[in-house]
Amino acid sequence: MSDNYVIEMRHITKIFPGIIANDDINLALKKGEIHALLGENGAGKSTLMSVLFGMYQPEKGEILHNGQVVKITDPNVATRLGIGMVHQHFKLVECFTVLDNIILGAEDAKFGFVQKKASREKVERLSEQYGLHVDLDALISDCTVGMQQRTEILKMLYRDNEILIFDEPTAVLTPQEIDELMQIMRNLKAEGKSILFISHKLNEIMAVSDRCTVLRKGKYIGTVNTADTTKEELSSMMVGRDVKFVVDKDDAKPTDTVLEIRNMVVKSKTSHKNAVNNVSLNVRKGEIVCIAGIDGNGQTEFVQGLTGLEKIESGQIILNGEDITHKTIRYKNTHGMAHIPEDRHKHGLVLDFALEQNLDIQRYFEPEFQKNGFIKFNAVRDYATKLINEFDIRSGQGPVTMARSMSGGNQQKAIVAREMDRKHNLLIAVQPTRGLDVGAIEDIHSKIVRKRDEGDAVLLVSLELDEVMNLSDRIYVMYEGEIVGELDPKKTNVQELGLYMSGAKRDKEVA
């Protein structure tokens, strides 16, 4: 291969129990290029990048760095070679501050003491330079998902790496932040850095990448020049069929009110202001209502207050005419509420449980799955197998696969399957398609619309403007913990929605 390749991965094969994650894959990264890696959930993209970063050792194949064969035995070796990685699932210490996480392992020490002042100044410069604004003194446990993502990116930039791996870096960023990140990537490329960029978002790949390598079910499909292809061609290479990019749905026919929120207030953990301030809204049978907003404007706290994950200071939650404000999470779950959470690891799955246990975790006490306090294991496995087939959850060992070992997209599919299949009449879906490929997004969107058409009330919380505009029947916009607008997606556009989201516009009647 040519000398201008900074990284070559030749005939890489990586095997896990029950599955060949990477099957004889070749990948070459040129110096000063942005190279996209595209594929379905579970196609082997993150595994391949984890091999490059030293987190996995391949069964076969070799890696060349600037033309020389190297053995990357762990991430420290990768770092010494100038390779950095922003992981899809954050590698952060929750009880540490943002600054401590960024400098961890690369501390500037003098006489055995960490010199945080110089490190803080460097991080602040990077933060300002790239528009990645974070609170350096906040604990990671108190940070939004978006701020955790920015922390991961700053962690890599702090180490001055020359080869940068971005694994789904925009999954939880707002449209404005995504545009900024795209510009960051262009700037890094202009500085001579080489970037490997995993994304399911074809618009981003088309906008920023020079070349794109496509994987499907662990196999190499092809590498194309991005300028010479289209979104439609890439999506077909990725999933092996044509994909629709517009949601097919009839007009909503809402009836009775299922959920009513009255003057909800939730305290902030990080400031003296209320995270949710006097919010009132309603969701009816047969409609999809979306809460839109820039990440960090109270959506997380609102959903946690609604579902019982966070204590609300005041206000009322009425579900199916019953005041459930102070009911337990179990009570809410068994009386009509289903919840696809924002953070699939913290609130969605028990990572060290098997897939079948996670799929049954909110129903194991029902007569179908237990008798006299003893679990009916065959019934649990049959149920898990049904959901695996229905939602195309890909796992190396089927129902007994450990949740931790699955790809992020398939973990998300498992949560969506569990919550959608449970008996409910209110579906709270927070970032339901986060990290999913275009084929899976199409499928999940159609299932959400079907739930609406069957009479469910759907409360969608999304940072994806395309998802908001395509899926919603009504839109509430949240800014600084308050509802500042109620919009009809048929009568608005992305520009107007952006004005509400940024606080530049506000409806007096809902304020």
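Presented here is an overview of the structure given in this document. Computed from a prediction, not measured in an experiment: that's the story for all the values here.

The next subject is the sheet that holds strand β10 (residues 194-198). Sheet architecture is open: 6 strands sit in the order β6-β9-β10-β3-β11-β12, paired in mixed fashion. Two strands bound the open sheet, and with one partner strand each, they are β6 (83-86) and β12 (219-225). If you compare each strand with its neighbour and ignore which way they point, the axes differ by 15° on average. With 4 bridges connecting them, strand β3 (residues 34-39) and β10 associate as parallel partners. By the bridge assignment for β10, Ile34 is matched with Ile195. Sitting on the sheet, helix α8 (residues 231-239) is in contact with β3, β11 (211-216) and β12, with an inclination near 30° to β11.

Moving on, we get to the packing of aromatic side chains. Summed over all chains, the structure comprises 3 aromatic pairs. Between Phe16 and Tyr56, the aromatic rings sit 5.1 Å apart at their centres with planes inclined by 75°, giving edge-to-face as the arrangement. Within this pair, whereas Phe16 is found in strand β1 (residues 5-16), its partner Tyr56 is found in the loop between α1 (45-52) and β4 (60-65), the two being separated by 40 residues in sequence. For Phe16, a relative accessible area of 25% puts it in the partly exposed group. Look at Tyr364 and Phe365: their rings are 5.3 Å apart centre to centre, the planes differ by 80°, and that puts the pair in the edge-to-face class. Looking at Tyr364, the relative accessible area reads 36%, which means it is partly exposed. In this arrangement the basic side chain of Lys122 is found over the ring face of Tyr158, its NZ or CZ atom lying 4.7 Å from the centre.

Applying the stated criterion across every chain, the model contains 1 cavity of 30 Å³ or more. Estimates place the volume of the largest cavity at around 90 Å³. Going through the elements one at a time, α9 (299-307) and β22 (457-462) are the ones with two or more residues in the lining of the largest cavity. Tallying contributions element by element places α9 first for the lining of the largest cavity, with 3 residues. When the residues that make up the lining of the largest cavity are grouped by side-chain class, the tally is 5 nonpolar, 5 polar and 2 charged.

It is worth spelling out a nonpolar patch on the surface at this point. A cluster of nonpolar residues, Tyr364, Ile375 and Phe377, forms a patch on the protein surface that exposes about 300 Å² of accessible area. If you trace the backbone, Phe377 turns up in helix α13 (residues 377-390). Of the residues examined, Phe377 reaches a relative accessible area of 61% and is grouped as exposed.

The 6 strands are arranged β18-β21-β22-β15-β23-β24 in an open sheet whose pairing can be described as mixed. Two strands close off the open sheet at either side, each with one partner strand: β18 (337-340) and β24 (482-487). Averaged over all pairs of adjacent strands, the angle between their axes in this sheet comes to 20°, without regard to strand direction. Note: β18 against strand β21 (residues 426-430), 4 bridges, orientation parallel. Paired with Ile340 across the strands is Ala429, a residue of β21. Of the strands in this sheet, β15 (287-292), β23 (474-479) and β24 are in contact with helix α17 (residues 494-501), which crosses β23 at around 35°.

What follows deals with helix α15 (residues 438-453). Taking 1.5 Å as the rise per residue, α15 with 16 residues should run 22 Å; its terminal C-alpha atoms sit 22 Å apart, in good agreement. Val438, Gly439, Ala440, Ile444, His445, Lys447, Ile448, Val449, Lys451 and Arg452 are the residues of α15 that are buried. Directly after α15, the chain includes Gly455, whose backbone phi takes a positive value near 110°.

To continue, consider the pairing of β1. Two strands pair when backbone bridges link them, and β1 and strand β2 (residues 19-30) are joined in this way by 8 bridges, in the antiparallel orientation. Within the sheet, the bridge partner assigned to Phe16 lies in β2 and is Ile19. A loop of 2 residues connects β1 with β2, the two strands running antiparallel in sequence, and Gly18 in this loop sits at a positive phi of about 85°. Pairing analysis gives 5 bridges linking β1 to β4, with the strands arranged antiparallel. When the bridges of β4 are listed, Ile7 appears paired with His65.

This part is about the side chain of Thr226. Assignment of secondary structure puts Thr226 in the loop between β12 and α8. Each residue touching Thr226, except ones within four places of it in the same chain, is listed here: Ile205, Met206, Ser209, Asp210, Arg211 and Cys212.

The rules behind these values
- Residues numbered from 1 in each chain as written.
- Predicted model: local features only at pLDDT ≥ 70, side-chain atom pairs only at ≥ 80, totals over all residues.
- Heavy atoms only, no water.
- Pairing = 2+ DSSP bridges.
- Helix = DSSP H or I, 4+ residues; strand = E, 2+ residues; numbered from the N terminus.
- Axes fitted to C-alpha atoms, helices over the stretch in contact; angles between N-to-C directions.
- Contact = heavy atoms within 4.5 Å.
- Phe/Tyr/Trp six-rings, centres within 6.5 Å; stacked < 30°, edge-to-face > 60°.
- Buried < 20%, exposed > 50% of the residue type's maximum accessible area, 1.4 Å probe, protein only.
- Lys NZ or Arg CZ within 6 Å of the ring centre and 35° of its normal.
- 1 Å grid on protein atoms, 1.4 Å probe; cavity = no way out; pocket = protein on both sides within 12 Å on 5 of 7 lines; lining within 4 Å.
- Points joined across faces, edges and corners; volume = space filled by probe spheres on them.
- Nonpolar A, V, L, I, M, F, W, Y, C, P; charged D, E, K, R; others polar.
- Patch = residues over 30% accessible without salt bridge, like charges linked within 9 Å, V, L, I, M, F, W, Y side chains within 5 Å.
- Areas by Shrake-Rupley, 256 points an atom, 1.4 Å probe, with all protein chains shown as cover.
- Salt bridge = Lys/Arg side-chain N within 4 Å of Asp/Glu carboxyl O.
- Expected span 1.5 Å × (residues − 1).

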